[in-house]
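So you can see what is in the structure, the chains are spelled out below.
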Amino acid sequence: MRLDKFLCDALGATRKEATKIIKSGEVTVNEQVIKSGAVKVTTECVVEWQGREIQLQGPRYIMLYKPDGFVCSHEDGFNHTAFVLLDEVKMEDLHFAGRLDVDTTGLVLITDDGQWSHRITSPKHKCAKTYRVWLADAIGDDYAEKLAQGIELRNEKEATLPATMEIVDASNNELLLTITEGKYHQVKRMFAALGNKVDQLHRERIGDIVLDEDLEPGEYRYLTQEEIDSIWK
């Protein structure tokens, strides 16, 4: 493949932009400065631009620790989109594999693989999501049983699917809730139906993928192959 074509594919650049980048003298192939777009590169070549290695983009699978105040969409007229937290090329190809509310923090998965994200978001696959929940009022003694039976939500024809609840700190009204659906504001609506209010909500797990404890809010990393494959199990 020609170097200029390689840069077009890897960076999402036009041919004119790729030519300009190459002529700048900031592109190296195997540590040699190259100023001709006609130079051939192979998969064994190490191509760098401004000291950063550039690779052809295959499917991307990203774990983001979403902070409070960011929305899971490409555009929003009132809040920052979580995409501004990413330093990636061809951002328009990426989408969220399951969204979080603007005030909910935690694990968000981002990809350009539609079949993979469908496996997460499609109701028929019942991909489990675990949330850490802080309630305004005390955790009711009957909450676990009612959540396991399903909760009738306003304007919904059917009750929620069985959910599991684990108390973390009763004195702090803190619990873990695992659901297998993704209804609009579901966790908040479930506890509202029980007469309580969610003060804080944080997603920790999607399927077998757990939010990396080394990530700070706003940071991200690529998934491991094991994490990627776990969604297909």
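Please refer to the structure higher up on the page.
This structure is a prediction, so every number in the text was calculated from the model and none was measured. (Residues numbered from 1 in each chain as written. Predicted model: local features only at pLDDT ≥ 70, side-chain atom pairs only at ≥ 80, totals over all residues. Heavy atoms only, no water.)

### Considering the overall build of the protein
Part 1 of the argument: Broken down by element type, the protein carries six helices and 15 strands.
Part 2 of the argument: Contacts in the protein between residues far apart in sequence, at least 24 positions, make up 62% of those at least 6 positions apart.
Part 3 of the argument: For the protein, the exposed area adds up to about 13,200 Å²; of that, 47% sits on carbon and sulfur atoms.
Part 4 of the argument: Charge-centre separation for the protein: the mean point of 29 positive side chains lies 8 Å from the mean point of 41 negative side chains. (Helix = DSSP H or I, 4+ residues; strand = E, 2+ residues; numbered from the N terminus. Contact = heavy atoms within 4.5 Å. Areas by Shrake-Rupley, 256 points an atom, 1.4 Å probe, with all protein chains shown as cover. Lys, Arg positive; Asp, Glu negative; His and termini not counted. Charge placed at Lys NZ, Arg CZ, Asp CG, Glu CD.)

### Overview of unusual backbone geometry
Part 1 of the argument: Unlike most non-glycine residues, glutamate 31 shows phi in positive territory, near 70 degrees.
Part 2 of the argument: By the element assignment, glutamate 31 lies in the loop between strand S1 (27–29) and strand S2 (32–33).
Part 3 of the argument: For glutamine 50, which is not a glycine, the phi torsion comes out positive at approximately 55 degrees.
Part 4 of the argument: You can see glutamine 50 is positioned in the loop between strand S3 (47–49) and strand S4 (52–54).
Part 5 of the argument: Given the relative accessible area of 54%, glutamine 50 is considered exposed. (Buried < 20%, exposed > 50% of the residue type's maximum accessible area, 1.4 Å probe, protein only.)

### Some thoughts on the nonpolar core
The nonpolar side chains of a soluble globular protein tend to be buried, and buried together.
Part 1 of the argument: Core analysis: the biggest nonpolar cluster contains 32 residues, and Ile110, Val133, Leu147, Leu177 and Phe191 have the highest contact counts within it.
Part 2 of the argument: Setting aside anything within four residues of it in sequence, one finds leucine 177 in contact with Lys129, Thr130, Tyr131, Val133, Leu147, Ala163, Thr164, Met165, Val187, Met190 and Phe191. (Core = buried A, V, L, I, M, F, W, Y, C linked by side-chain atoms within 4.5 Å.)

### Thoughts on the pairing of strand S10 (residues 129–135)
Part 1 of the argument: The buried count for S10 comes to seven of seven residues, which makes it a mostly enclosed element.
Part 2 of the argument: Residues Lys129, Tyr131, Val133 and Leu135 of S10 are buried on one face, and the alternating residues Thr130, Arg132 and Trp134, pointing to the opposite face, are buried as well.
Part 3 of the argument: Across six bridges, S10 lies against strand S12 (residues 174–179) in antiparallel orientation. Looking at the pairing, threonine 130 lines up with threonine 178 of S12.
Part 4 of the argument: As paired elements, S10 and strand S13 (residues 198–206) share seven bridges and run antiparallel to each other. The partner of lysine 129 across the bridge, within S13, is isoleucine 206. (Pairing = 2+ DSSP bridges.)

### Concerning the packing of aromatic side chains
Part 1 of the argument: In the structure shown here, the tally under the stated rule is three aromatic pairs.
Part 2 of the argument: Between tyrosine 61 and tryptophan 116, the aromatic rings sit 4.9 Å apart at their centres with planes inclined by 70 degrees, giving edge-to-face as the arrangement. On the criterion of sequence distance, the pair formed by tyrosine 61 in strand S5 (residues 61–66) and tryptophan 116 in helix H3 (residues 114–121) is long-range, its members being 55 residues apart.
Part 3 of the argument: Classification of tyrosine 61 by relative accessible area gives buried; the value is 11%.
Part 4 of the argument: Look at tryptophan 116 and you get buried, because its relative accessible area is 0%.
Part 5 of the argument: Between phenylalanine 83 and phenylalanine 96, the ring centres sit 4.5 Å apart and the planes meet at 40 degrees, which makes this aromatic pair tilted. Of the two residues, phenylalanine 83 is situated in the loop between strand S7 (80–81) and strand S8 (95–96) and phenylalanine 96 in strand S8; the sequence distance between them amounts to 13 residues.
Part 6 of the argument: Looking at phenylalanine 83, the relative accessible area reads 6%, which means it is buried.
Part 7 of the argument: Accessibility expressed as a relative area gives 10% for phenylalanine 96, which makes it buried. (Phe/Tyr/Trp six-rings, centres within 6.5 Å; stacked < 30°, edge-to-face > 60°.)

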